[in-house]
Amino acid sequence: MIADAPRETTPSRATDRPGDTSPFALGLLLRQAHWRVAAVMAEALRPLGIELRHFAVLIVLVDRGATVQRDLAAATGSDKAGIMRVVDDLESKGLAVRKAVPGDRRARAVEVTPRGVELFDAAHVAAEPLVRRLTAEFGPGEPELLRDLLTRLAYPAGGEA
């Protein structure tokens, strides 16, 4: 009889309220944190004449060196058309160049220019005080702890999703 069966509790429903314990709370908090940090980073990049999408590509190019466009798209979570627009922008600003890939007439590798590296370094200098503002309420060691936890969340040891 249904009346004798144990009642299942209804799980909490996701909200945007701090302290939410629903299964979706972590995702919602990460979304809110991303929006806040992205706005602050955009503030740092604006005077340099680039957007976060441009900086994301510069990060990959500075880290990996010349990179084919399809790999840039994968590394930045962009699609083929989106990455082409970003690379077009970077080229027009003199921050990156496209080069032929030996042995593949269709592929183009994108390489950061010395001017791109200078802007990359300037962006880090501009962002430093803004990051301190973002983490002003953190205690000693907490910014590093947050970075460590987010790194482990984004890149699990076993590589699982």
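### Thoughts on the overall build of the chain
Item 1. Counting its regular elements, the chain contains six helices and three strands.
Item 2. For the chain, the N- to C-terminal ordering of α and β elements is α-α-β-α-α-β-β-α-α.
Item 3. When each of the 161 residues of the chain is scored for burial, the buried share is 25%.
Item 4. By sequence separation, contacts in the chain at least 24 residues apart represent 45% of the contacts at least 6 residues apart.
Item 5. Here the chain displays about 11700 Å² of accessible surface, and carbon together with sulfur accounts for 58% of that area.

### What to know about helix H1 (residues 25-45)
Item 1. Given a rise of 1.5 Å per residue, 21 residues ought to cover 30 Å, and the 30 Å separating the end C-alpha atoms of H1 matches this to within 8%.
Item 2. Taken together, the buried positions of H1 are Ala25, Leu28, Ala38, Val40, Met41, Ala44 and Leu45.
Item 3. Tucked into the core, H1 has its buried residues touching helix H2 (52-64) and helix H5 (114-134).

### Focus: the pairing of strand S2 (residues 96-101)
Item 1. Two strands pair when backbone bridges link them, and S2 and strand S3 (residues 104-112) are joined in this way by six bridges, in the antiparallel orientation. From the neighbouring strand, Arg98 faces S3, where its bridge partner is Val110.
Item 2. Taking the residues between adjacent antiparallel strands as the criterion, S2 and S3 are bridged by two residues, where Gly103 takes a positive phi near 85°.

### Details of the layout of surface pockets
Item 1. Quantified by volume, the largest pocket comes out at close to 1700 Å³.
Item 2. Considering the residues around the largest pocket, the lining is formed by 33 residues, among which His34, Val37, Met41, Arg147 and Leu150 are closest to the centre.
Item 3. For the lining of the largest pocket, the elements supplying multiple residues, two or more each, are H1, H2, H5 and helix H6 (142-154).
Item 4. Top contributing element to the lining of the largest pocket by residue count: H1, with 11 residues.

### Examining the nonpolar core
Item 1. Grouped together as the largest cluster of nonpolar side chains are 20 residues, with contacts concentrated most on Ile50, Phe55, Val57, Leu58, Leu61, Leu72 and Leu90.
Item 2. Broken down by secondary-structure element, the contributors of at least two residues to this core are H2, helix H3 (69-76), helix H4 (80-92), S3 and H5.
Item 3. Counting residues per element, this core draws most heavily on H2, which supplies five residues.
Item 4. Setting aside anything within four residues of it in sequence, one finds Leu61 in contact with Thr67, Leu72, Ala96, Val110, Glu111 and Val112.
Item 5. The next biggest cluster of nonpolar side chains, apart from the first, holds six residues, and it includes Val40, Met41, Ala127 and Leu134.

### Some thoughts on the sheet that holds strand S1 (residues 67-68)
Item 1. Across the sheet, three strands lie side by side as S1-S3-S2; this open sheet has antiparallel pairing. Taken across any chain shown, the strands that pair with only one partner, and hence form the sheet edges, are S1 and S2.
Item 2. Here S1 runs beside S3; their pairing, made up of two bridges, is antiparallel. Bridging across to S3, Thr67 finds its partner in Val110.
Item 3. In the packing of H2 onto the sheet, contacts are made with S1, S2 and S3, and the angle to S3 comes to roughly 95°.

How each quantity is defined
Residues numbered from 1 in each chain as written. Predicted model: local features only at pLDDT ≥ 70, side-chain atom pairs only at ≥ 80, totals over all residues. Heavy atoms only, no water. Helix = DSSP H or I, 4+ residues; strand = E, 2+ residues; numbered from the N terminus. Buried < 20%, exposed > 50% of the residue type's maximum accessible area, 1.4 Å probe, protein only. Contact = heavy atoms within 4.5 Å. Areas by Shrake-Rupley, 256 points an atom, 1.4 Å probe, with all protein chains shown as cover. Expected span 1.5 Å × (residues − 1). Pairing = 2+ DSSP bridges. 1 Å grid on protein atoms, 1.4 Å probe; cavity = no way out; pocket = protein on both sides within 12 Å on 5 of 7 lines; lining within 4 Å. Points joined across faces, edges and corners; volume = space filled by probe spheres on them. Core = buried A, V, L, I, M, F, W, Y, C linked by side-chain atoms within 4.5 Å. Axes fitted to C-alpha atoms, helices over the stretch in contact; angles between N-to-C directions.

These figures come from the coordinates and say nothing about function on their own.
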